[in-house]
Amino acid sequence: MRIKRQTMRIAAGLAAVALVAGACGSDDDSDSGADTTEATAGTDAGGDDMASAECETANNGDNSVASLTDLDFSGLDINVGSKDFVEQFVLGQLAIVGLEAGGATVTDSTNLGGTVVNRDALLANEIDTYFEYNGTGWTVHLAQEDPSFDPVELTNGVCTKDLADNDIRWIGVSPFNNTYGFATAGDSPAAGGDLQAMMEYVNENPDATVCMETEYPNRPDGLVLLEEATGLTIPAGQDQILDTGVIYDETASGNCTFGEIFTTDGRIAALGLEVVEDPGVNILYNVSLTMPDSVYQQAPEAFEALADTIFAGLDNETMAELNRQVSADGEDPRDVAEAYLTEQGLL
């Protein structure tokens, strides 16, 4: 025991974007978690077994503790990675602070790079852990189609299959879902509708523009899902490809009628953007702590408690606020993490 207790469709086309790096979407303030590789059917070798298997570490009840100092990571050296956008910086620091509170010696390798960089580093034992998104795990790392829109079912499938195929554990699961979305300026005449209304507006107004980052039009979990769901495409000349960070400012200023965003990005509230209602087009991106089984076995109960304790209060609004403190206010991710955990009474 290592806890001192007082008392978590993707259509064809995946192969075409196999070399693109991201998290669930594109790497920036709060990526919706994504990169891409070739997909096979969800019921291919092992698929049926995965559907019936139960994840032992992500959907196994609440293992949280009253204080992170109740955890015992003494004697462990843990190298924590993260992707290269704000949400991952914050999550990485939450893990680092929690591990240190439990007595671990921690190497900070946050801001390591995109999804592929972190996953490859994890598989090569160059880092011990990083936070990954269930939608990314299913469609990218495991190359599966048709992800569930139930977060428990999706996480269970990713957790069991990744352990069986790659000896990678998925630990805990966040309440927040940082998925793709679109937003418009709050005072825009285009505001107030859902994704169907957005696509109809764009097709009816030749001066309307849709701004997207580089990956989204080519990702199997990106524009293709929007077009399939609405039966409409963005007319030629009405799309713009911009850097992710620029999209938020350009949408707020009205230069982009609609901008692609990530739903827990702190700049949404900071810039007064209105998120276009999603009736269930975009897939899920809840996050889990991932690590090789060999690392997990050094302190299994403590790692489960760490993840569940960190995730307990992280709904969409809270995660977006922590992201905002970094992206809009310029605060250091470590300071934001420590302040949040202190406020929660966990340190």
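Everything quoted here is computed from the prediction, not taken from an experiment. (Residues numbered from 1 in each chain as written. Predicted model: local features only at pLDDT ≥ 70, side-chain atom pairs only at ≥ 80, totals over all residues. Heavy atoms only, no water.)

Peer 1: Would you mind going over the overall build of the chain with me for this structure?
Peer 2: When you go through the chain residue by residue, the secondary structure sums to 13 helices and ten strands. For the chain, with 347 residues in total, the buried portion stands at 56%. Only carbon and sulfur atoms are counted for the fraction: they give 46% of the accessible area of the chain, which is about 12,900 Å². (Helix = DSSP H or I, 4+ residues; strand = E, 2+ residues; numbered from the N terminus. Buried < 20%, exposed > 50% of the residue type's maximum accessible area, 1.4 Å probe, protein only. Areas by Shrake-Rupley, 256 points an atom, 1.4 Å probe, with all protein chains shown as cover.)

Peer 1: I keep staring at the state of the cysteines and nothing clicks. Help me out?
Peer 2: For the coordinates displayed, the defined rule picks out two disulfides. Through a disulfide, Cys55 is tied to Cys159; the S-S separation comes to 2.0 Å. A torsion of 70° about the S-S bond marks the disulfide between Cys55 and Cys159 as right-handed. In this pair, Cys55 sits in the loop between helix H1 (47–52) and strand S1 (77–83) while Cys159 sits in helix H5 (residues 151–166), placing the two residues 104 residues apart along the sequence. Residue Cys211 pairs covalently with Cys256 via a disulfide, S to S 2.0 Å. The S-S bond linking Cys211 to Cys256 shows a torsion near -90°; that makes this disulfide left-handed. Of this pair, Cys211 sits in strand S6 (residues 210–212) while Cys256 is found in the loop between helix H8 (244–252) and strand S8 (258–262), placing the two residues 45 residues apart along the sequence. Note on accessibility: Cys211 and Cys256 belong to one class, buried. Counting only the cysteines that form disulfides, in the order they appear in the chain, gives the pairing 1-2, 3-4. (Disulfide = S-S within 2.5 Å.)

Peer 1: Looking at this model, I keep getting lost on the nonpolar core. Mind explaining?
Peer 2: As a rule of thumb, soluble globular proteins bury nonpolar side chains together. In terms of nonpolar packing, the biggest core is built from 71 residues, with Phe73, Leu91, Leu94, Leu99, Phe182, Phe303 and Leu314 touching the most fellow members. The dominant element in this core, judged by the number of residues it contributes, is helix H2 (residues 86–101), at nine residues. With residues near it in sequence (within four places) discarded, Leu314 still touches Leu91, Leu94, Pro175, Phe176, Met319, Leu322 and Tyr340. Formed by 14 residues, the second largest nonpolar core is a distinct cluster that contains Ala58, Ala121, Tyr130 and Leu284. (Core = buried A, V, L, I, M, F, W, Y, C linked by side-chain atoms within 4.5 Å. Contact = heavy atoms within 4.5 Å.)

Peer 1: When you look at the packing of aromatic side chains in this model, what are you seeing that I'm missing?
Peer 2: Aromatic ring pairs: the centre-centre distance and the angle between the two ring planes describe each pair. The tally for this structure, following the rule as stated, stands at seven aromatic pairs. Between the aromatic rings of Tyr180 and Tyr285, the centroid separation amounts to 6.3 Å while the plane-to-plane angle is 90°, which identifies the pairing as edge-to-face. A residue pair is termed long-range when its members are at least 10 positions apart, and Tyr180 in strand S5 (residues 180–185) and Tyr285 in the loop between strand S9 (273–275) and strand S10 (287–292) qualify at 105 residues. What makes Tyr180 buried here is its relative accessible area of 1%. Assessed through its relative accessible area of 0%, Tyr285 is described here as buried. Ring geometry for Phe182 and Tyr216: centres 5.6 Å apart, planes at 80°, overall edge-to-face. On the criterion of sequence distance, the pair formed by Phe182 in strand S5 and Tyr216 in the loop between S6 and helix H7 (223–230) is long-range, its members being 34 residues apart. Classification of Phe182 as buried rests on a relative accessible area of 1%. Clustering of aromatic rings is evident, with ring pairs tying together Tyr180, Phe182, Tyr216, Phe262 and Tyr285. (Phe/Tyr/Trp six-rings, centres within 6.5 Å; stacked < 30°, edge-to-face > 60°.)

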